[in-house]
Amino acid sequence: MEKKLKVAALRNGTVIDHIPSDKLFKVVSILHLDTCLNQITLANNLESAKIGSKGLVKISDRALEEDETNKIALIAPNAKINIIKEYEVVEKRPLVLPDEIREIVQCGNPNCITNHQPVVTRFFVLNEEGVNRLKCRYCEREVRLEEVKIK
Amino acid sequence: MTTKEQNMKNNSLVSISDYSKEEILAILDSAADFEANPNRKTLDGKVIATLFFEPSTRTRLSFETAVIRLGGSIIGFSDAATSSSSKGETLNDTIHMVSCYADAIVMRHPLEGTARYAAEVSPVPIVNAGDGANQHPSQTLLDLYSILKTQGTLENLTICLVGDLKYGRTVHSLIMAMSHFNPTFKFIAPDELKMPDEYKVFCKKNNISFTDVSELTNNFNDADILYMTRVQKERFQDLMEYERVKNVYTLKNSMLENTKSNLRILHPLPRVSEIDPDVDSNEKAYYFRQAQNGLYVRQAIMSKVVLNQKQE
């Protein structure tokens, strides 16, 4: 009962739950929610049995596209995405790392052109022996997912 | 769009991995034709821009010679200080401007990834003549041509790579290119400049056998190719360490006594102290002829990228 009072129910839209608290505002930034005109509810530092402390985003009247939600997979791979219609969850969407990540990652190579000229960053997502790595499309350097710098 | 699709669109050559085994072999065939007859006018009436944002002697001169021998004309610059980039023009704008005048652009740039980016925005083919420490595919193709010429085959060779294997772009590209031909590699480098793990992973994935050692002496007696590279002082944080290793990786004539008769020594040049001048007169020294091969290979590359251009 108490939980329901903390965050109001959503009639239509998208709920992103189980975001690690320290990643909530990165998620806001990646999804460009700072410029979104829909009603948005943010909650942070909520108690979570699974991850200790979590954040939550509710976006009214907008079902995020898969390519948008998949951007979150990079920083919050265990976040839960629910698409809501008339208070009902109509889709529980798994997060899948896309084949290519654009714009949100900064190349760690200081000599890469993307760090010197107005070039949108593009990274290929590689999976070798179960380990995900990103490879810069331009300078071709590879980094492990844990080392990725989000812009 | 994948990088391969992108490059097919405008026929650019950015990385050796853009070319299949068949395309590599076709370039080497074509280079042999140009060696037999270097003055064919396949680029008659074409204008090629050479944009060298950092200095280069060998690469620029051999590309320009290749174009002139093919009957084409050259525009461009050999120093970024004389281009509009010194006024703050973006690479995107420079490429668009130059592509109004030229049928293809040969570019060297100190920043990594510039060639790939240029190939994305350019309506004319881009030939990467080196982007920082990243790729230098025409060097790789001339290395392959030199190996083929001296060994008669590219298949099943034992290749020793010596020197700066960490930052040396030529050795990284050579591994990728040779992966089509079942090589055996021996990596010989000081601990500071060992072959990066990603290339060892690449070898394992492609079933390429390799060994990793630190000593040069007596470690290449089974080699068909000894590929020397320069140990660069600026790569070392500890200059004492540089002083210690710089002469350990110097090849001397006396070290070649027990090597195979077909062994040939390659070096992308310029060399500093890693090959003693007493090696130059040994018939196994091939590095100057290797540089000459660059001309024929670059003739083959320029003919392919300009003449195979897709009309949009």
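Residues numbered from 1 in each chain as written. Chains lettered and ligands numbered in written order. Predicted model: local features only at pLDDT ≥ 70, side-chain atom pairs only at ≥ 80, totals over all residues.

**Examining the nonpolar core**
The nonpolar side chains of a soluble globular protein tend to be buried, and buried together. By size, the foremost hydrophobic cluster in this structure holds 112 residues, and its most contacted members are Val27(A), Ile105(B), Leu161(B), Leu226(B), Tyr227(B) and Met302(B). At 8 residues, the largest contribution of residues to this core is made by helix α10 (residues 287-307) of chain B. The contact partners of Tyr227(B), leaving out residues within four places of it in the chain, are Ile159(B), Cys160(B), Leu161(B), Val162(B), Val171(B), Leu174(B) and Leu266(B). (Core = buried A, V, L, I, M, F, W, Y, C linked by C-beta atoms within 7 Å. Buried ≥ 20, exposed ≤ 12 C-beta atoms within 10 Å, placed from the backbone. Helix = DSSP H or I, 4+ residues; strand = E, 2+ residues; numbered from the N terminus. Contact = placed C-beta atoms within 7 Å.)

**Remarks on the interface of chain B and chain A**
Contact with chain B, which involves 13 residues of that partner, is made by 16 residues of chain A. Secondary structure elements with two or more residues in the side of chain B that touches chain A: α5 (114-121) and α8 (197-205) of chain B. Looking at the side of chain B that touches chain A element by element, the count peaks at 3 residues for α5(B). For the side of chain B that touches chain A, the per-class residue count stands at 4 nonpolar, 6 polar and 3 charged. (Nonpolar A, V, L, I, M, F, W, Y, C, P; charged D, E, K, R; others polar.)

**Regarding the domain arrangement of chain B**
Note on interface size: it is often stated as the accessible area lost on association of the parts. Residue and element names in this part refer to chain B. We note that the domain assignment places domain 1 (3-135 + 294-307) and domain 2 (138-292) within chain B. Taken over C-alpha atoms, the centre of domain 1 sits 26 Å from the centre of domain 2. On the domain 2 side, the residues contacting the 18 residues of domain 1 number 16 residues. Taken together, the residues of the side of domain 1 that touches domain 2 sort by class into 11 nonpolar, 4 polar and 3 charged. (Domains from an automatic or database assignment.)

**Concerning helix α4 (residues 91-99) of chain B**
Residue and element names in this part refer to chain B. Those residues of α4 that sit buried are Leu91, Thr94, Ile95, Val98 and Ser99. Buried residues of α4 fall within an arc of 125° about the axis and therefore sit on the same side. Against β1 (47-52), β3 (104-109) and α5 lie the buried residues of α4. (Arc of directions from axis to C-beta.)

**Remarks on the packing of helix α6 (residues 137-151) of chain B against helix α7 (residues 169-178) of chain B**
Residue and element names in this part refer to chain B. Running from amino to carboxyl end, α6 crosses α7 at an angle of 60°, the nearest separation of the two axes being 9 Å. Taken together, the axes of α6 and α7 lie oblique to each other. By crossing handedness, the relation of α6 to α7 is classed as right-handed. Residues Pro137, Gln139, Thr140, Asp143 and Leu144 of α6 form the contact with α7, whose participating residues are Thr170, Ser173, Leu174 and Ala177. Its residues placed into classes, the contact of α6 with α7 shows 4 nonpolar, 4 polar and 1 charged. (Axes fitted to C-alpha atoms, helices over the stretch in contact; angles between N-to-C directions. Parallel < 35°, antiparallel > 145°, perpendicular 65-115°, else oblique. Left-handed = near helix turned anticlockwise from the far one by under 90°.)

**Here's the deal with the packing of helix α2 (residues 21-36) of chain B against α10(B)**
When two helices pack together, their arrangement is given by the angle between the helix axes and by the axis-to-axis distance. All names here are of chain B. For the pair α2 and α10, interaxial distance at closest approach is 8 Å and the crossing angle is 115°. In terms of crossing hand, the pair formed by α2 and α10 is right-handed. From α2, Ile27, Ser30, Ala31, Phe34 and Glu35 reach across to α10, where they touch Tyr296, Val297, Gln299, Ala300, Ile301, Ser303 and Lys304. Grouping the constituent residues of the contact of α2 with α10 by class yields 7 nonpolar, 3 polar and 2 charged.

**Thoughts on the sheet that holds strand β6 (residues 100-102) of chain A**
All names here are of chain A. As summarised here, the arrangement of the 4 strands in space is β6-β8-β9-β10, forming an open sheet in which the pairing is antiparallel. For this open sheet the edge positions go to β6 and β10 (142-144), each flanked by a neighbour on one side alone. Recorded for the sheet is a direction-independent mean angle of 30° between the axes of neighbouring strands. With 3 bridges connecting them, strand β9 (residues 131-136) and β10 associate as antiparallel partners. Residue pairing across strands places Lys135 opposite Glu142, the latter belonging to β10. (Pairing = 2+ DSSP bridges.)

**Comments concerning the domain arrangement of chain A**
Domain boundaries assigned for chain A yield domain 1 (7-93) and domain 2 (100-150). Facing 5 residues of domain 1 of chain A, the contacting portion of domain 2 of chain A comprises 4 residues.

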